[in-house]
Amino acid sequence: MQRFPCPHCGPRDEIEFHYAADAGKTRPGRQSSPEDWARYRFMRKNTKGTARELWQHAGGCGQWICIERDTVSHAVIGSEALGS
Amino acid sequence: MTRYSAWKLLEQGLAGQTGWTPAWRMPVPKPSYDVVIVGGGGHGLSAAYYLAERYGIRNVAVVEKGWLGGGNTGRNTTVIRSNYYYPESARLYDLSVRLYEGLSRELNYNIMLSQRGMLEIAHSPAELELYARMVNAMRINGIDMELLDPQDVRKLVPILNPDEDIRYPNCGGMFQPRAGIARHDAVAWGYARAADQRGVDLIQSCEVTGVSMAGGRVTGVETTRGAIGAGRVGLALAGNTTPIASMVGLELPLQSYTLQAMVSEPLKPCLHTVVASLGIGVYLSQSDKGELVMGGGLDRAPSYTQRGNLPMTQNIISGLLELFPCFESLKVMRQWGGIVDVSPDSSPILGPTPVDGLFINCGWGTGGFKAIPAGGLMLAHALATGEHHELSKPFDYDRFARARLVDEAAGAGIAH
């Protein structure tokens, strides 16, 4: 079992965390084209290597956090609270 | 090239197996081809075969970074089925089953297709009602589906947990008799040999490091074995599609995950059909060697690693023991993972792309093996004509911007 660092609770078992999405996506404006909406809604960076991801510490404090993680080695590089 | 037959087997047996020839050549890449297919798994090899056989395009290369069929084609759980909900999917996947049915003869290579059927067990009356709706829809689409009551399920799988006061009891199920399993390596090797016989160059240990463009059009690939020019390029890369597509700026709605599987030690024949449980998230079949071949859902986070992570392994094994307590002292022999490309609607993305000269076959997610013949044929058609096959039109890249999804994530009643 891998341990992930929660910026609020410290290291916890990986099964307490729920993966949500790529970090850093910006919601397009209301007048945006269907292509821009599709890009926001469906397209993924799908990074091979170091990725920044949104996770929720669902089985712990419930907070949404950003985790930096290597998608090839699964090593967790770091985590931070959203807005920090 | 040796044609395989019972007579040849006898002759070689008497000759001490000394007269077999290699099943395919090991060619040096030519400077250019009419078509280059990236990815030497089932989909890439079948696309090459159909290009040569049905479309007469034989100046074709398949480039593969490892060895033929060494990715997901050699790592899946070999299930073949067409029990999909939407008409578009039913047409595509049932074409695949029909092509599989004639494949051993067509390729002169025994893929060991065993149409032993696939059962999905319902664990509540409500789930069985949902199955009734799905079975009816699939039958309208021409798929051979049957709704089973708990007694039918018991007859089909006598070793299933018989208790009624458990969390996931047997409440009936749905069954596709034409579903089954095949020898996955043989599918790759059969297509490879047949494509090679028709002049296709299969180039292994050849990793693509770049895609060449000129005048806004793809003109070839750069590889670890030099630059190879191409009139058209096809991608059949499953979980590794995004890194290659991003070389030409093509964005894709794919997320790569590890899908894991495992096999037990061999047993005497005890399971005569493929069994799946959506409620528990596990499915299994028994191989001809007697091993139980088991799988479950995706691992919990995006990954490019060909090994499964422990929480999902525990899920799969605990689910298996819920269904079959009789397997509790069975040992797991091997466990592994493959990288699958999951699309937002759990349907494939096929055909031409916004990049001129580039064609894709991706997004099969956890179900690529069953689709190898149809997926290869769709890619071959696109590479030969520049346009969609009639059956691949609904699976175009532009369906996301048009919000015309083929949402099998919910429809097929199978975890994707």
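Residues numbered from 1 in each chain as written. Chains lettered and ligands numbered in written order. Predicted model: local features only at pLDDT ≥ 70, side-chain atom pairs only at ≥ 80, totals over all residues.

**Here we look at the overall build of chain B**
(1) Moving on: Looking only at helices and strands, chain B has eleven helices and 18 strands in total.
(2) Moving on: At a minimum sequence separation of 6, the contacts of chain B that also span at least 24 residues come to 75%. (Helix = DSSP H or I, 4+ residues; strand = E, 2+ residues; numbered from the N terminus. Contact = placed C-beta atoms within 7 Å.)

**Considering the overall build of chain A**
(1) Moving on: What chain A contains, in helices and strands, is one helix and six strands.
(2) Moving on: N-terminal to C-terminal, the α/β element order of chain A is β-β-β-α-β-β-β.
(3) Moving on: Seen through its principal axes, chain A has C-alpha atoms that stretch 45 × 25 × 20 Å.
(4) Moving on: Counting across all 84 residues of chain A, residues that qualify as buried make up 18%. (Buried ≥ 20, exposed ≤ 12 C-beta atoms within 10 Å, placed from the backbone.)

**As for the nonpolar core**
(1) Moving on: If you look at the biggest cluster of nonpolar residues, it comprises 129 residues, and the most contacted ones within it are Val36, Val38, Ala48, Leu51, Val60, Val63 and Ala195 of chain B.
(2) Moving on: Per-element accounting of this core gives the leading share, nine residues, to helix 10 (residues 372-385) of chain B.
(3) Moving on: Counting six residues, the second-largest nonpolar core is a separate cluster that includes Phe4, Cys6, Phe17 and Ile65 of chain A. (Core = buried A, V, L, I, M, F, W, Y, C linked by C-beta atoms within 7 Å.)

**Quick look at the interface of chain A and chain B**
(1) Moving on: With 16 residues of chain A in contact, the opposing surface of chain B contributes 19 residues.
(2) Moving on: At four residues, the largest contribution of residues to the side of chain A that touches chain B is made by helix 1 (residues 34-41) of chain A.
(3) Moving on: For the side of chain A that touches chain B, a count of residues per class yields eight nonpolar, three polar and five charged. (Nonpolar A, V, L, I, M, F, W, Y, C, P; charged D, E, K, R; others polar.)

**Points about the confidence of the model for chain B**
(1) Moving on: The predicted model of chain B has a mean per-residue pLDDT of 95, with 98% of residues at 70 or higher.
(2) Moving on: With a pTM of 0.96, the predicted complex shows an ipTM of 0.95. (pLDDT = per-residue confidence, 0-100.)

**Description of the environment of tyrosine 191 of chain B**
(1) Moving on: Inspection of the secondary structure assignment puts tyrosine 191 of chain B in helix 7 (residues 184-197).
(2) Moving on: For the pair tyrosine 191 of chain B and tyrosine 84 of chain B, spaced 107 residues apart in sequence, the C-alpha to C-alpha distance is 25 Å.

**Concerning the environment of valine 35 of chain B**
Residues and elements named next belong to chain B.
(1) Moving on: Mapped onto the elements of the fold, valine 35 is located in strand 1 (residues 32-38).
(2) Moving on: Here valine 35 falls in the buried class, since 26 other C-beta atoms lie within 10 Å of it.
(3) Moving on: Remark: the alpha-carbon pair of valine 35 and methionine 378, spanning 343 residues in sequence, is separated by 15 Å.
(4) Moving on: Not counting residues within four places of it along the chain, the set of residues in contact with valine 35 comprises Leu51, Ile57, Val60, Ala230, Gly231, Arg232, Gly234 and Leu383.

**Quick look at helix 1 (residues 6-14) of chain B**
(1) Moving on: Taking burial as the measure, the nine residues of helix 1 of chain B include zero buried ones, a minor fraction of the element.
(2) Moving on: In the stretch just after helix 1 of chain B, glycine 16 of chain B is the one whose phi turns positive, near 75°.

**Here's the deal with the packing of helix 2 (residues 42-54) of chain B against helix 10 of chain B**
All names here are of chain B.
(1) Moving on: Packing of helix 2 against helix 10 leaves a shortest axis separation of 7 Å and a crossing angle of 55°. With respect to their mutual orientation, helix 2 and helix 10 come out oblique. In this structure, helix 2 crosses over helix 10, and the sense of that crossing is right-handed. Residues Gly42, His43, Ser46, Ala47, Tyr49, Tyr50, Leu51 and Arg54 of helix 2 form the contact with helix 10, whose own contacting residues are Ile372, Pro373, Gly375, Gly376, Leu377, Leu379, Ala380, Leu383 and Ala384.
(2) Moving on: Grouping the amino acids of the contact of helix 2 with helix 10 by side-chain chemistry returns eleven nonpolar, five polar and one charged. (Axes fitted to C-alpha atoms, helices over the stretch in contact; angles between N-to-C directions. Parallel < 35°, antiparallel > 145°, perpendicular 65-115°, else oblique. Left-handed = near helix turned anticlockwise from the far one by under 90°.)

**Side note on unusual backbone geometry**
Residue and element names in this part refer to chain B.
(1) Moving on: In this structure, alanine 238 takes a positive phi of about 45° despite not being glycine.
(2) Moving on: Examined against the element boundaries, alanine 238 turns out to sit in the loop between strand 11 (226-235) and helix 8 (241-245).
(3) Moving on: Assessed through the 26 C-beta atoms surrounding it within 10 Å, alanine 238 is described here as buried.
(4) Moving on: Positive phi, close to 55°, is recorded for serine 346, a residue that is not glycine.

**A closer look at the sheet that holds strand 3 (residues 18-22) of chain A**
Within a beta sheet, neighbouring strands are joined by backbone hydrogen bonds and run either parallel or antiparallel to one another.
Residues and elements named next belong to chain A.
(1) Moving on: Taken together, the four strands give an open sheet; going across it, the order is 3-4-5-6, and neighbouring strands pair in antiparallel fashion. One side of each edge strand has no neighbouring strand; the edge strands of this open sheet are strand 3 and strand 6 (76-81). For this sheet, the mean inter-axis angle between neighbouring strands, taken without regard to orientation, is 35°.
(2) Moving on: Pairing analysis gives five bridges linking strand 5 (residues 64-70) to strand 6, with the strands arranged antiparallel. Residue isoleucine 65 lies in a different strand from strand 6, and its bridge partner there is alanine 81. (Pairing = 2+ DSSP bridges.)

**Describing the sheet that holds strand 12 (residues 255-264) of chain B**
Residues and elements named next belong to chain B.
(1) Moving on: Spatial strand order, 5-6-4-13-14-15-12-16: eight strands in an open sheet with mixed pairing. Strands at the two margins of the open sheet, each flanked by one partner only, are strand 5 (146-148) and strand 16 (332-342). With strand direction ignored, the average angle separating the axes of adjacent strands in the sheet is 25°.
(2) Moving on: Bridge count between strand 4 (residues 118-121) and strand 13 (residues 274-277): four bridges; the pairing is parallel. Its bridge partner lying in strand 13, isoleucine 121 is registered against serine 277.
(3) Moving on: Contacts from helix 9 (residues 310-323) reach strand 12, strand 13, strand 14 (282-286), strand 15 (292-302) and strand 16 within the one sheet, and its direction differs from that of strand 15 by about 140°.

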